[in-house]
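Commentary on secondary and tertiary structure
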Amino acid sequence: MTSIDYAVLICCVLGTFSIGAVLSLRVKTTSDLFTASGQSPWWAAGLSGFMTMFSAGTFVVWGGIAYRLGIVAILINFCYGISAILVGYFVAGRWKRLGIRTPAQYVTLRFGTTALHFYTWTMMAYRLIGVAVALYSLAVLISALMPLPPENMLRDPTTGNIAIIWGIVLFGGLVVIYTMLGGLWGVLMTDVFQFIILNTALIFTIPLIFADPAVGGLSGLIENAPIGFFSPTADKYTWYFLAGWCAIHFFMVGAEWAFVQRFLCVKSEIAARKSCYLFGVLYIISPILWLTPPLLYRLIEPIPPNATDSEIMLLAENAYVRACQHVLPVGMVGMMVAAMCSATASMISSQLNVFAGVLTEDIYRNRFPKSNETRLLWVGRSITLLLGIVLIGLALLVSNLGGAEKVIVTVTSLMATALLAPSLWGLFSRSLKSWVMWLTVLPTFVAGLIVKFVLQDRLVSWGSLPDLFVGVILPLGILAIASRLSRTEAPGWAKLEKLSTNASPTNPISERRDGSSDALPYFVISSGLLCCGFGMGVVVLANRTHSVTLMAYAFTLLALAAVVGGVAWREKRHSN
């Protein structure tokens, strides 16, 4: 990266944090901090849901698979889109209809206080591991891009670049501070802003990399691609794996607390469904965009014939960023890295926000019911800081656990359905008792540990079938049988029905207090795009060789700023 790229990166990251800081001015209560007071536009919730699953880990893990194995990486990410569309049809509106403040409140009503504590601590451990992988992945990208002089204390003597450990600590610390300030409003709007920046940058990256002589366009890719590069399945990523991945992520998107929070922060059931549909459609379309660069980079820098497994993994994990470096002009590399940084920040801040909210609203508030809003805000931000420290510690351990791909696939396959299926099942089944949750979770965990750590070598020839059985079929089978045998209505079902019946359309959690539209989010996004557009225009002056590309990118950002600004003024007029 050049000095101009560094300048663009720093400005974009500071701009993103500034959005969170501006929106922190509207955080007056814990409802503002953790639920955006139910005022989020549906499109903001949908884009935020998309970005919550999207991070630097996406580029390192799935970009690495695209580099090694080809289009199977795109098929894996299609599964997210299919799952989200199904959730939008069957589940999203039902969450909003309940009238709950947080997903943890649902667990308490449906399954009891003991289940709340189990879900809180287990889900928190599970998701913090996933977020730690994202933070580690970002540090890998940053380390690959940032050389440092020998005397710099942050330098890794092996690579000559910033050490991964320092990338984790410095960037993780910045995200924790930003999350403490911005709350859910900051999370939502920075997600939207970075979605626009990232995808507009990708639109310019793809034609540039196709035009590279080593690729030779579409015909060159078809002619020179490695054997099996266009196969929809490869290695351990079989049709069974893809089916199981769809099922697992149906439960993740439908019941994981960060996504449920998006369904609850909008104004109506219809808005909740629309937000999920948007999320799903984006995950069907966009993987083609952001997995094409690492896929094509395989032709630019092939895997050496005698490369070791660790060398191949290093090439794969850095394929995306190397592809961008190879074709993007000065300035746009910094913009792309900034977008990846901020996407990771969005994922991290989403999870920190939702779990800090649970610990504050559903555990601390219940234990100390006389606490006022000022104290609760202080507690919420303190818990966010503590969770952030734990997260940074976990990220530092990822490299010792086999790398990003192994950690994220293993943890998701083992834990997602077992944890989330009972919660989602309880939305539809009157007879599901709290003991069924324990009967589902504990045997599935034990079976998963046996398959992964005891019988792993003996089951290699079975491919992904053992993971599919333990991760999907076993927990769903237990739930189906237990629900069939337990015919009486569970006590928690009546509590939910009562809450849903008493929920009012004028409840501050579901509608604006004054019934008007909110123009501020639009103005914030428009201002951010305007600054980035003018900034990229200035970069043109320092990069004559790619002036047309840079000018086109700057014009695109300014045009988007004008469109969003027009919407902001329209919303403002409607509110007056």
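Residues numbered from 1 in each chain as written. Predicted model: local features only at pLDDT ≥ 70, side-chain atom pairs only at ≥ 80, totals over all residues. Heavy atoms only, no water.

Attention now goes to the overall build of the chain. Helices and strands together make up the secondary structure of the chain, namely 23 helices and zero strands. When each of the 576 residues of the chain is scored for burial, the buried share is 59%. Counting contacts in the chain only where the partners sit at least 6 residues apart, residues at least 24 apart contribute 86% of the total. Surface summary for the chain: the accessible area is close to 22,800 Å², and the carbon and sulfur share equals 68%. (Helix = DSSP H or I, 4+ residues; strand = E, 2+ residues; numbered from the N terminus. Buried < 20%, exposed > 50% of the residue type's maximum accessible area, 1.4 Å probe, protein only. Contact = heavy atoms within 4.5 Å. Areas by Shrake-Rupley, 256 points an atom, 1.4 Å probe, with all protein chains shown as cover.)

As a further point, take the packing of helix 13 (residues 269-300) against helix 15 (residues 319-327). Running from N to C, helix 13 and helix 15 cross one another at 80°; their axes reach a closest spacing of 8 Å. In this view, helix 13 runs roughly perpendicular relative to helix 15, as classed from their interaxial angle. Taken together, the residues of helix 15 that come into contact with helix 13 (itself represented by W290, P293, P294, Y297 and I300) are A319, Y320, R322, A323 and H326. Of the residues that constitute the contact of helix 13 with helix 15, the class distribution is eight nonpolar, one polar and one charged. (Axes fitted to C-alpha atoms, helices over the stretch in contact; angles between N-to-C directions. Parallel < 35°, antiparallel > 145°, perpendicular 65-115°, else oblique. Nonpolar A, V, L, I, M, F, W, Y, C, P; charged D, E, K, R; others polar.)

Among the surface-exposed residues, I82, I85, L86, Y89, F90, V281, I284, I285 and F428 lie close enough to one another that they form a single nonpolar patch of about 810 Å² accessible area. Mapped by element, the contributors of at least two residues to the nonpolar patch are helix 5 (72-90) and helix 13. Turning to its location among the elements, L86 is positioned in helix 5. (Patch = residues over 30% accessible without salt bridge, like charges linked within 9 Å, V, L, I, M, F, W, Y side chains within 5 Å. Salt bridge = Lys/Arg side-chain N within 4 Å of Asp/Glu carboxyl O.)

Further remarks concern the packing of aromatic side chains. With the rule as written, the count across this model stands at 18 aromatic pairs. Arranged with centres 6.2 Å apart and planes meeting at 90°, the rings of Y283 and W290 form a pair that is edge-to-face. The pair formed by Y283 and W290 is uniform in burial state, with each residue classed as buried. Here the aromatic residues F50, Y80, F195, F259, F279, Y283 and W290 are joined through ring pairs into a cluster of three or more. Between the NZ or CZ atom of R298 and the centre of the ring of Y67, over which it lies, the distance is 5.7 Å. (Phe/Tyr/Trp six-rings, centres within 6.5 Å; stacked < 30°, edge-to-face > 60°. Lys NZ or Arg CZ within 6 Å of the ring centre and 35° of its normal.)

Take the confidence of the model for the chain next. Caution is warranted with low-pLDDT regions, since their predicted coordinates should not be read in detail. When pLDDT is averaged along the chain, the result is 80; 87% of the residues meet or exceed 70. A low-confidence stretch, residues 504-517 stays under pLDDT 50, and its non-local contacts, those more than four residues away or across chains, total 32 contacts. (pLDDT = per-residue confidence, 0-100.)

Summed over the entire model, instances satisfying the criterion amount to five salt bridges. Put simply, R127 and E256 hold a salt bridge, and the shortest N to O gap is 2.9 Å. Pair noted here: R127 is in helix 8 (residues 113-145) and E256 is in the loop between helix 11 (239-255) and helix 12 (257-264), with a separation of 129 residues, a long-range link. The buried category is assigned to R127, whose relative accessible area is 8%. Of the charged contacts in the structure, one is a salt bridge between E489 and R430, with a shortest N-O distance of 2.9 Å. On the criterion of sequence distance, the pair formed by E489 in the loop between helix 20 (465-485) and helix 21 (491-502) and R430 in the loop between helix 18 (404-425) and helix 19 (434-453) is long-range, its members being 59 residues apart. E489 gets classed as partly exposed once you look at its relative accessible area, which sits at 41%. Taken together, the shared-partner salt bridges connect R430, E489 and E497 into one network.

To continue, consider helix 20. Its 21 residues give helix 20 an end-to-end C-alpha distance of 28 Å, which sits within 8% of 30 Å, the value for a rise of 1.5 Å per residue. Remark: the principal bend of helix 20, roughly 35°, maps to I473, with a proline, P475, within the next four residues. Taken as a whole, helix 20 has its buried residues at P466, L468, V470, G471, V472, L474, P475, I478, L479, A482 and S483. (Expected span 1.5 Å × (residues − 1). Bend = angle between axes of the 7 residues up to and from the residue.)

A pair of packed helices is captured by two measures, namely the crossing angle of their axes and the spacing between those axes. Relative to each other, helix 8 and helix 15 sit at 35°, their axes nearing to 9 Å. At the point where helix 8 passes helix 15, the crossing takes the right-handed sense. Contact residues: L141, A144 and L145 in helix 8; V321, R322 and Q325 in helix 15. Of the residues assigned to the contact of helix 8 with helix 15, the class counts are four nonpolar, one polar and one charged. (Left-handed = near helix turned anticlockwise from the far one by under 90°.)

Here we come to the environment of L359. Looking at where L359 falls in the secondary structure, it is placed in helix 16 (residues 332-367). For the pair L359 and T384, spaced 25 residues apart in sequence, the C-alpha separation works out to 9.6 Å. Leaving out residues up to four positions away in the same chain, L359 has contacts with T120, W121, M124, Y364, I383 and L387.

On to the environment of L529, then. Along the chain, L529 turns up in helix 22 (residues 520-540). With relative accessibility at 0%, the residue L529 sits in the buried group. Between the C-alpha atoms of L529 and I197, which are 332 residues apart in sequence, the distance is 8.0 Å.

Looking at the secondary structure, you find D212 in the loop between helix 9 (164-210) and helix 10 (217-224). No salt bridge is formed by the buried D212. Its closest oppositely charged neighbour is R322, at 14 Å. With residues up to four places along the chain from it excluded, the contact list for D212 reads I300, H326 and V327. (Lys, Arg positive; Asp, Glu negative; His and termini not counted.)

As a further point, take helix 12. Counting buried positions over the eight residues of helix 12 gives eight, a clear majority of the element. Of the residues making up helix 12, those classed as buried are W257, A258, F259, V260, Q261, R262, F263 and L264.

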